Amino acid sequence: RHPAPYPTESLVGYVLRLAEENGYDSPWSVYSLAGLKQNEIRTTGFKLEKLAAIISRPASVLNTIGYSAPLNQPRWARLLGHSLVPTDLNIANPGLCPRCVANKGFIEAHWHLTLMVGCPVHECMPALCCPRCGKRLRLFRPGLLECGCGGNLLECKLPSLPKADAALLDIIRRKVLGIAADEENHISLPRDQLMAMNLRSMLLVVRTLGRHRLIADGSTCLEDERQLISASTRVLADWPKNFIALLLDIGKKLQPSVNGGVRKQFESIYCALFKNRAIDPSEQTDFLRVAFLEFAENHWDRGYVDPKLLKQAQGQVRSRFVTQSEFAARVGIHNLTASRLLKEQK
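Rules used throughout
Residues numbered from 1 in each chain as written. Predicted model: local features only at pLDDT ≥ 70, side-chain atom pairs only at ≥ 80, totals over all residues. Heavy atoms only, no water. Helix = DSSP H or I, 4+ residues; strand = E, 2+ residues; numbered from the N terminus. Rg over C-alpha atoms; globule rule 2.2 N^0.38 Å. Buried < 20%, exposed > 50% of the residue type's maximum accessible area, 1.4 Å probe, protein only. Contact = heavy atoms within 4.5 Å. Salt bridge = Lys/Arg side-chain N within 4 Å of Asp/Glu carboxyl O. 1 Å grid on protein atoms, 1.4 Å probe; cavity = no way out; pocket = protein on both sides within 12 Å on 5 of 7 lines; lining within 4 Å. Points joined across faces, edges and corners; volume = space filled by probe spheres on them. Core = buried A, V, L, I, M, F, W, Y, C linked by side-chain atoms within 4.5 Å. Polar contact = N/O pair within 3.5 Å; in protein donor to acceptor, adjacent residues only side chain to side chain.

Chemist: Quick question: what am I supposed to make of the overall build of the chain here?
Modeler: What the chain contains, in helices and strands, is 17 helices and two strands. The C-alpha radius of gyration of the chain comes to 25 Å, more than 25% above the 20 Å expected for a compact globule of 346 residues. Counting across all 346 residues of the chain, residues that qualify as buried make up 46%. Nonlocal contacts in the chain, meaning residues at least 24 apart in sequence, comprise 56% of its contacts between residues at least 6 apart.

Chemist: How should the pattern of salt bridges be read in this particular structure?
Modeler: Taken as a whole and assessed by the stated rule, the structure comprises 17 salt bridges. Of the charged contacts in the structure, one is a salt bridge between Lys163 and Glu123, with a shortest N-O distance of 3.0 Å. On the criterion of sequence distance, the pair formed by Lys163 in helix H7 (residues 163-177) and Glu123 in the loop between helix H6 (98-104) and H7 is long-range, its members being 40 residues apart. Taking relative accessible area as the criterion, Glu123 reaches 29% and is therefore assigned partly exposed. Linking Asp217 and Arg234 is a salt bridge whose minimum nitrogen-to-oxygen distance equals 2.9 Å. Residue Asp217 is located in the loop between helix H9 (199-216) and helix H10 (225-236), and its partner Arg234 is located in helix H10; the two are separated by 17 residues in the primary sequence. Overlapping salt bridges bring together Arg213, Asp217, Arg234, Asp249 and Lys252 as one network.

Chemist: Help me understand empty space enclosed by the protein in this model?
Modeler: A probe matching the size of a water molecule, rolled over the atoms, marks out where space remains unfilled. Taken as a whole, this structure holds two cavities of 30 Å³ or more when the rule is applied. By volume, the largest cavity amounts to about 120 Å³. In this structure, the largest cavity is lined by 10 residues; those nearest its centre are Val12, Tyr31, Ile41, Leu139 and Phe140. Size it by volume and the second largest cavity reaches roughly 100 Å³.

Chemist: What is the right way to look at the layout of surface pockets in this model?
Modeler: Considering only enclosed or pocket space, the largest pocket measures out at about 370 Å³ in volume. As for the largest pocket, its lining consists of 17 residues, of which Ala167, Asp170, Asp182, Glu184 and His186 are closest to the centre. Residue assignment for the lining of the largest pocket shows that the elements contributing at least two residues are H7 and helix H8 (191-195). Broken down by element, the residue count for the lining of the largest pocket peaks at six residues, all from H7.

Chemist: It is not clear to me how unusual backbone geometry should be interpreted in this structure. Could you clarify?
Modeler: The phi angle of most residues is negative, glycine excepted, and most peptide bonds adopt the trans form. Here the residue pair Trp239 and Pro240 is connected by a cis peptide bond, since its omega of 0° sits within 30 degrees of zero. Mapped onto the secondary structure, Pro240 falls in the loop between H10 and helix H11 (241-252). That bond from Asp280 to Pro281 is cis: its omega, 0°, falls within 30 degrees of zero. Within the secondary structure, Pro281 sits in the loop between helix H13 (267-274) and helix H14 (286-298). Even without being glycine, Ser188 reaches a positive phi, approximately 55°. Ser188 sits in the partly exposed class, given a relative accessible area of 35%. At Asp238, a position not held by glycine, the phi torsion is positive, near 50°. Mapped onto the elements of the fold, Asp238 is located in the loop between H10 and H11. Accessibility expressed as a relative area gives 35% for Asp238, which makes it partly exposed.

Chemist: Got a minute to help me understand the nonpolar core in this structure?
Modeler: In summary, soluble globular proteins display a tendency toward joint burial of nonpolar side chains. Ranked by internal contacts, the top residues of the largest apolar core, which has 94 residues, are Leu113, Ile172, Leu209, Phe243, Phe266, Ile269 and Phe292. Here this core gets eight residues from one element, more than from any other, and that element is H9. In contact with Phe266, not counting residues within four places along its chain, are Leu247, Ile250, Gly251, Leu254, Phe292, Phe295 and Trp300.

Chemist: Help me understand the side chain of His212 in this model?
Modeler: Along the chain, His212 turns up in helix H9. Exposure remark for His212: the relative accessible area of 11% places this residue in the buried category. Engagement of the side chain of His212 in a polar contact is seen with the side chain of Ser268, the distance being 3.0 Å. Discounting chain neighbours no more than four positions away, the residues touching His212 are Leu246, Ile250, Ser268, Ile269 and Ala272.

Put into structure tokens, the structure is as follows:
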């Protein structure tokens, strides 16, 4: 049997479904028939031509769901056409939502993202282990929802996922699968701005904000993907209020003697968000830059803002300060009169 892959299906999930359709005990039978060795299938760039030859379909069909590097980016990988780096992906041991698989009949590709720590559709944690034998799920199993021991993955008891975390993961999932954003936005995330970014840039922003939130909180779990998602959600919710709160918390840790330019004072998060070449084009983070300048102008008293940075915001930031000339123009008096009034503190 040669079923066609679904447009949003995981490639290794497709091979697992193909094996199940043909009654094999494991996808390894399919890989062996295609002449693929074990070391080949554990990388993002295994040869799709070999697999295509045994399913009677052109390699271009599989290429749309493949992981191989984009053209001119040999060190990168792909997920449904999105350019990523291999560390963004978990090909060998992804989790899944058994209810989603049962409803759709296949495993969606977004489960290969390392940051996909829960199911935003059913608001639950992913199935990672078999409910019968307790062992970690393996790609080499008899079926989509069947463990090698015969356990049924639909029997997994999955903890619930916080609604706020599910809202952020829903944006990531929709970006991967090419689905329009949900109209509901109960926690006021910058949904439209995030959806306008490419997937790689979005993941970098989510990681950066989560990591700096954890650092400001004094946490040591900086590599824990679940903690990163929860922390990033706390920053992005009620935008931009919680982002400004993060910057204030970072500022509290600065030495009292540290003054000067705000960009220099907050160099770590500033460079990670606005000087990172992996975020391309850089205009994708303009909404973050405006919020940063809003913080610098109206919430921070220990530094100055470079006028060039304000100019980049193109008038989107309202300052709590006005120049003498602006004051004179607003009041409708001559600049010299304004100067005299200000000197006399009137």
